[in-house]
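# Working through the structure, step by step
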Amino acid sequence: MTATAAAGTDSAGPILDVQGLTVTFRTDEGPVTAVESVDFRLDRGRTLGLVGESGSGKSVSTKALIKLLPKNAKIAEGARIGLRRKDGDWIDVATLPADSAAVRRLRGGEIAMIFQEPMASFSPVYTVGNQIMEAIRRHRGVGKREARTLAVEMLDQVGIANAALRVDQYPHELSGGMRQRAMIAVALSTRPAVLIADEPTTALDVTIQAQILKLMRALQDQVRMSMIFITHDMGVIARVADDIAVMYLGRIVERGPTRTVIADPKHPYTVGLLKAIPSMGKLERRLTPVPGDIPSPLERPTGCPFHTRCDRRMRGICDRHDPKADEVGAGHSVACHLFG
Amino acid sequence: MLGQVLADNRPLIDVDNLKVHFPVRGKGLFGVGTGVVKAVDEVSFRIRAGETVGLVGESGSGKTTIGRAILRALTPTAGEIRFHLDGDVVRVDQLRGRALTRFRRHMQLIFQDPYASLNPRMTVRDIIAEPLECLGDTGGRAAIDERVREIAELCRLNVEHLRRFPHAFSGGQRQRICIARALVAGPKFVVCDESVAALDVSIQAGIINLLKDLQDATGVAYLFIAHDLSVVAQIAHRVAVLYVGQVVEMAETRDVFFGPLHPYTHALLSAVPTIEPESAFAPVTLAGEIPNPARPPSGCRFHTRCPYAEARCRAEVPQWREVAPEHFVACHFAGELPLARHG
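Residues numbered from 1 in each chain as written. Chains lettered and ligands numbered in written order. Predicted model: local features only at pLDDT ≥ 70, side-chain atom pairs only at ≥ 80, totals over all residues. Heavy atoms only, no water.

### Looking at the overall build of chain B
A tally of regular secondary structure across chain B gives 10 helices and 12 strands. At 21 Å, chain B has a C-alpha radius of gyration in line with the 20 Å of a compact globule built from 343 residues. Overall, chain B is about 70 × 55 × 45 Å in size when its C-alpha atoms are taken along their principal axes. Per-residue burial over chain B gives 55% buried out of 343 residues. (Helix = DSSP H or I, 4+ residues; strand = E, 2+ residues; numbered from the N terminus. Rg over C-alpha atoms; globule rule 2.2 N^0.38 Å. Buried < 20%, exposed > 50% of the residue type's maximum accessible area, 1.4 Å probe, protein only.)

Put into structure tokens, the structure is as follows:
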């Protein structure tokens, strides 16, 4: 790419280009396909929201991006995980061995990740500052003293009062909201190009969640970072994501600009999901659950994965043939036979 | 229906000045510097027969502790819990021993995690039947079987599957098993402690509907504890808002959500992200952290974070008063603050 890309100043264009990503787990009960033929693209400075229920493959598909999968997982041949590095070069992460130095540089350096459980993501035996400094020193090549200054700065930026004091505290001395903010500080301290946030606010109270969402947006604008935001909460997605991809049983069933998908959902699963959400604004409405249960990953339905729960299924079509993604509007595509 | 006054106005449970304090040991070797965490402090409210009271508040506000104190899963430090049962009034806070065990048939609990709350070695039939057997219900196995089938059907479980073990069931089905177990002995009162929080959205809606239908069918009252305000909006007739161990506002659901009078309720509601594009997302940012319940602030406990706090709030504990019919608030300036209508 060009020199402007290397300087990180070009404002648009893709930074991540995933094609044909399939992840299979070997288990005692047989192979389980957690993610199947997933494609997505992420542009610089944008936020992609991944929505889906348990077992939909949200986490697995993003962990694959930095090869953070357990040993029994396998990324199928033919998958391409294109990443434009900070120096402007495109690399294919899928071809790199998980334990290679190249992947280690990638983790945290190019793609950082925030997990749901802030307590589980920090080591309890090191101070918070210690853990931020480790990331800074590894990826930004600065000395101990400078790393400490940067760590205090980061904690301050994420809104932790008395950062100079907090930097020497252990994770257990911080409240849940503060720990999650510290986690964000760790993730952002290396100036990653892409931030993957895996249910970063699910374990937090709404008041803290609102603070964290606001903070993430502000920081993102500041450093022009791209973000993949994983959640099962449509309300949160509506507030943070530019585009959303709805996942069901390892597939992306619908994607498009957030407002469009929420205002005019096409896939019966997206329609059902939006109807099932309780709302503070409409008290008298009886909720409409999506019928049936999420199938076990060991018993993946044939054809369209959603056909077992779909009220608009067409016999002989949906249970036999895989629907292909079709464009239904500008940037809005749906994988459903109703729109094929 | 929601938002309507219940036709049935009979009281079921009166909680009066409930206090649950936990002693904490200091850092010293022999527990020097002991203190007391006032998890629940001077809480009073009433639950009527057949109604759902939603209990909301941030983590550590005492939601679960109140539920457990009423169920006598822990012993209250002070205060009265009066249970109205067939014309009699039972002081639940004073029950002990066998009397308490016998009384448990009237009050039950549904937990949060349907994966952790079912014994994997018991069949679904045995799980649902266990409360009956523990309570020493006579009538023999056939009668118990009959009752189990009846409640399983009511909870939309497939009665053909009662011989199976819990592992064969999905999260939503497991929660229906938990609900069947809680209701099998015909309790008058059930505490639902985050009972739908662990479920996926598409499943959650079905469980909320089921809980409502069961209430219509059996007349059971729920204390519905949840951190998800949208869920509470769907199921509760009345809502109590907790802050650091105290109820700061209580009213009918509609009034709490559309006309909050306490600034904390208002801030809490404003922080909930919704999918409705017409409602702007403008969360009220509260300064600072939730106070430590071992050292609650003076005066109004919310004054350290309240955007409207004045000198009076720091000095004087606000009265719990009925500002509008059935709308109780503990705030010096209730009704005078510019709290925008939500939604």
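### Structural notes on the sheet that holds strand β5 (residues 88-91) of chain B
Two orientations exist for strands paired in a sheet by backbone hydrogen bonds: parallel and antiparallel. Residue and element names in this part refer to chain B. Pairing within the open sheet is antiparallel, and its 4 strands lie in the order β2-β1-β4-β5. Unpaired on one side and paired on the other, β2 (35-48) and β5 mark the two borders of the sheet. Going from strand to strand, the sheet's axes swing by 20° on average, the running direction of each strand aside. Here strand β1 (residues 11-24) runs beside β2; their pairing, made up of 10 bridges, is antiparallel. Note on β2: the bridge partner recorded for D14 is R46. (Pairing = 2+ DSSP bridges. Axes fitted to C-alpha atoms, helices over the stretch in contact; angles between N-to-C directions.)

### A look at the sheet that holds strand β7 (residues 189-193) of chain B
Residues and elements named next belong to chain B. Here 8 strands make up an open sheet; going across it, the order is β6-β7-β8-β3-β9-β10-β12-β11 and the pairing mixed. Strands at the two margins of the open sheet, each flanked by one partner only, are β6 (107-110) and β11 (321-324). Across the sheet, the mean angle from the axis of one strand to that of its neighbour is 25°, orientation sign disregarded. Inspection of the sheet shows β6 paired to β7 by 4 bridges, in the parallel sense. Among the inter-strand pairings, M107 is bridged to a residue of β7, identified as F189. Relative to β6, helix α5 (residues 171-183) is tilted by about 170°, and along the sheet it contacts β6 and β7. (Contact = heavy atoms within 4.5 Å.)

### Describing the pairing of strand β9 (residues 226-231) of chain A
All names here are of chain A. Summarising burial for β9: 6 of the 6 residues are buried, a large majority. Here β9 shows no split at all, with S226, I228 and I230 on one side and M227, F229 and T231 on the other all buried. The sheet contact formed by strand β3 (residues 47-51) and β9 spans 5 bridges and is parallel. For L50, the partnering residue across the bridge sits in β9 and is I230. In terms of strand pairing, strand β8 (residues 194-198) meets β9 through 5 bridges, oriented parallel.

### Concerning the nonpolar core
Ranked by size, the top nonpolar core spans 102 residues in total, and within it I128(B), I179(B), F224(B), L229(B) and F257(B) carry the most contacts. Looking at this core, the element that brings in the most residues is helix α6 (residues 201-218) of chain B, giving 7 residues. Counting contributing residues, this core receives three or more from each of domain 1 (11-236) and domain 2 (260-343) of chain B. Dropping the residues within four chain positions of it, I179(B) is found in contact with I110(B), C155(B), I207(B), L210(B), L211(B) and L214(B). A112(A), I136(A), M154(A) and A182(A) belong to the second largest nonpolar core, which has 41 residues in total. (Core = buried A, V, L, I, M, F, W, Y, C linked by side-chain atoms within 4.5 Å. Domains from an automatic or database assignment.)

### Brief notes about the interface of chain A and chain B
Each partner contributes to the interface: chain A provides 41 residues, whereas chain B provides 45 residues. Where chain A abuts chain B, roughly 3800 Å² becomes buried across the two surfaces, and 56% of that area is made up of carbon and sulfur atoms. It is R239(A), M280(A) and L283(A) that lose the most area in chain A upon contact with chain B, and together they represent 23% of the buried surface on that side. D213(B) is paired through a salt bridge with R286(A); the nearest N and O atoms lie 2.9 Å apart. (Buried area = accessible area lost by both parts, 1.4 Å probe. Salt bridge = Lys/Arg side-chain N within 4 Å of Asp/Glu carboxyl O.)

### Some remarks on the layout of surface pockets
A water-sized probe, rolled over the atoms, reveals where empty space remains. All names here are of chain A. In this structure, the second largest pocket occupies an estimated 740 Å³ of space. Along the walls of the second largest pocket sit 24 residues, with R107, G108, A135, H139 and V186 positioned nearest its centre. Only α3 (101-109), β7 (111-114), α5 (128-140) and α8 (176-189) provide two or more residues apiece to the lining of the second largest pocket. For the lining of the second largest pocket, the residue count by class is 13 nonpolar, 6 polar and 5 charged. (1 Å grid on protein atoms, 1.4 Å probe; cavity = no way out; pocket = protein on both sides within 12 Å on 5 of 7 lines; lining within 4 Å. Points joined across faces, edges and corners; volume = space filled by probe spheres on them. Nonpolar A, V, L, I, M, F, W, Y, C, P; charged D, E, K, R; others polar.)

### Brief notes about helix α6 (residues 144-157) of chain A
Structurally, the α-helix is built with 3.6 residues per turn, so residues lying three or four positions apart point the same way. Residue and element names in this part refer to chain A. The first and last C-alpha atoms of α6 sit 20 Å apart over 14 residues, in line with the 20 Å expected at 1.5 Å per residue. Listed as buried for α6 are A147, L150, A151, M154 and L155. All buried residues of α6 project into a common sector of 135° when viewed along the axis, lining one side. Of the exposed residues in α6, those oriented more than 90 degrees away from the buried face are R145 and D156. Buried positions along α6 lie against α5, α7 (163-166) and α8. Where α6 terminates, the next one or two residues include G159, which has phi positive at roughly 85°. (Expected span 1.5 Å × (residues − 1). Arc of directions from axis to C-beta.)

### Points about the domain arrangement of chain B
Residues and elements named next belong to chain B. When its domains are assigned, chain B resolves into domain 1 (11-236) and domain 2 (260-343). Centre-to-centre separation of domain 1 and domain 2, based on C-alpha positions: 29 Å. Counting residues at the interface gives 12 residues for domain 1 and 11 residues for domain 2. Taken over both partners, the interface formed by domain 1 and domain 2 buries close to 930 Å², and the fraction arising from carbon and sulfur atoms is 55%. For the domain 1 face of the interface with domain 2, the top three residues by lost area are K38, E58 and L229, together amounting to 49%. There are 3 salt bridges connecting domain 1 and domain 2. As a salt-bridge pair, R305 and E58 come within 3.8 Å of each other at their nearest N and O atoms. Looking at the side of domain 1 that touches domain 2, the elements that each hand over two or more residues are β2 and α7 (229-235).

### Focus on α5(A)
Residue and element names in this part refer to chain A. Taking 1.5 Å of rise per residue, the 13 residues of α5 would be expected to cover 18 Å, and the 18 Å separating its terminal C-alpha atoms lies within 8% of that figure. Of the surrounding elements, those touching the buried residues of α5 are α6, α7 and α8. Positive backbone phi, approximately 55°, marks G141, located one or two places after α5.

### Concerning the environment of C318(A)
Residue and element names in this part refer to chain A. When you line up the elements, C318 lands in the loop between α12 (268-276) and β12 (325-329). For the pair formed by C318 and G57, sequence separation is 261 residues and the distance between their alpha carbons is 21 Å. Setting aside anything within four residues of it in sequence, one finds C318 in contact with T302, G303, C304, H307, R313 and H337.

### Digging into the side chain of T190(A)
Residues and elements named next belong to chain A. By secondary structure assignment, the location of T190 is in the loop between α8 and β8. When its relative accessible area of 3% is taken as the criterion, T190 is described as buried. Side-chain polar atoms of T190 contact the backbone oxygen of A187, separated by 3.5 Å. Other than its neighbours up to four places away in sequence, T190 contacts K86, G108, G109, A135, I136, H139 and R140. (Polar contact = N/O pair within 3.5 Å; in protein donor to acceptor, adjacent residues only side chain to side chain.)

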